[in-house]
Amino acid sequence: MASVHLTGPQVAVAAKPAALGGLRLTPASLAVPTGRRARGLVVRAATVVSPKYTSVKPLGDRVLVKVKTTEAKTDGGILLPVSVQTRPTGGEVVAVGEGRSFGSTTIEISVPVGAQVVYSKYAGTEIEFRDADHLILKEDDIIGILDSDDVKDLKPLNDRILIKVAEAEEQTAGGLLLTQANKEKPSVGTVVAVGPGPLGEDGSRKPLSITPGSNVMYSKYAGSEFKGEDGEYIVLRASDVMAVLS
């Protein structure tokens, strides 16, 4: 999440990461591409909206999301320092723009107000509005809609695909057991759900050729990884899928 606020002279440091219910990004990191560095830690400022403004109206294909609050404790009640807390990647849609224009045609935002969404890790611009953290981002930066706490229920948007990652091999071909650190990171998995497809230049959607249930191979470092209740998942774009396995 980028950290720049809308208006007002105040600037607040935004270093409040969080988790979305039982959903956790792996690996978690506070380092971001932009910001002011202090001894290796990137500090990002969030724009504070002056109290005299009572609403924020996104324009075009942008969406305003109220960010989930930070979890400062582990499940066992241990307090976590800011440096190891999970960065927030989800929240509730509170306002949307009018949509994208294609000539004389405008395609409305596909994400409704009130939806619980998951978004790309470094997407958008952070603002502090009505004493709560918000994010303004493009609709295409939203990975999907998630109404539960388990990532397997995610509904991908646009050209994104939800894949359950295959488990790493526990031993080598020669029978040697592998430690967690030495296990090969899988780049193969099973498609759980697919988005409706990307918008074309004329505003129509082109359905994806990949279907749920397919076993696929994907680019090794693509997408956003999540830990679900029954294993590891990854959400990536259809263009990051290299092959269908059968």
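The rules behind these values
- Residues numbered from 1 in each chain as written.
- Predicted model: local features only at pLDDT ≥ 70, side-chain atom pairs only at ≥ 80, totals over all residues.
- Heavy atoms only, no water.
- UniProt positions renumbered as here; feature names shortened; annotations may be inferred.
- Pairing = 2+ DSSP bridges.
- Helix = DSSP H or I, 4+ residues; strand = E, 2+ residues; numbered from the N terminus.
- Core = buried A, V, L, I, M, F, W, Y, C linked by side-chain atoms within 4.5 Å.
- Buried < 20%, exposed > 50% of the residue type's maximum accessible area, 1.4 Å probe, protein only.
- Contact = heavy atoms within 4.5 Å.

As named in an unreviewed UniProt entry, the protein is 20 kDa chaperonin, chloroplastic, taken from Urochloa decumbens. Annotation of the protein in UniProt includes, under Sequence similarities (unreviewed entry), the sentence "Belongs to the GroES chaperonin family."

Student: Explain the pairing of strand S16 (residues 188-194) to me, using residue names and the numbers behind them.
Tutor: The pairing of strand S15 (residues 160-165) with S16 spans five bridges and is antiparallel. Residue pairing for S16: Leu 162 is matched across the bridge by Ala 193. In this sheet, strand S17 (residues 215-218) lies alongside S16 in antiparallel orientation, the contact comprising three bridges. Residue pairing across strands places Val 188 opposite Met 217, the latter belonging to S17.

Student: Now, about the pairing of strand S13 (residues 142-145): what can you tell me, with residues and values included?
Tutor: When strand S10 (residues 116-119) meets S13, the two strands line up antiparallel, connected through three bridges. Its bridge partner lying in S13, Val 118 is registered against Gly 144. Alignment of S13 against strand S14 (residues 155-156), held across two bridges, turns out to be antiparallel. Each bridged residue has a counterpart across the sheet, and for Gly 144 the counterpart in S14 is Pro 156.

Student: Explain the nonpolar core to me, and be specific about the residues and the numbers.
Tutor: Counting 16 residues, the largest nonpolar core has Val 63, Val 65, Val 93, Val 111, Val 117, Leu 137 and Ile 142 as its most contacted members. The element contributing the most residues to this core is strand S6 (residues 62-67), with three residues. Among all residues touching Ile 142, those that are not within four sequence positions of it are Val 63, Val 111, Val 117, Val 118, Tyr 119, Leu 137, Leu 157 and Arg 160. The next biggest cluster of nonpolar side chains, apart from the first, holds 13 residues, and it includes Val 165, Leu 236, Ala 238 and Val 241.

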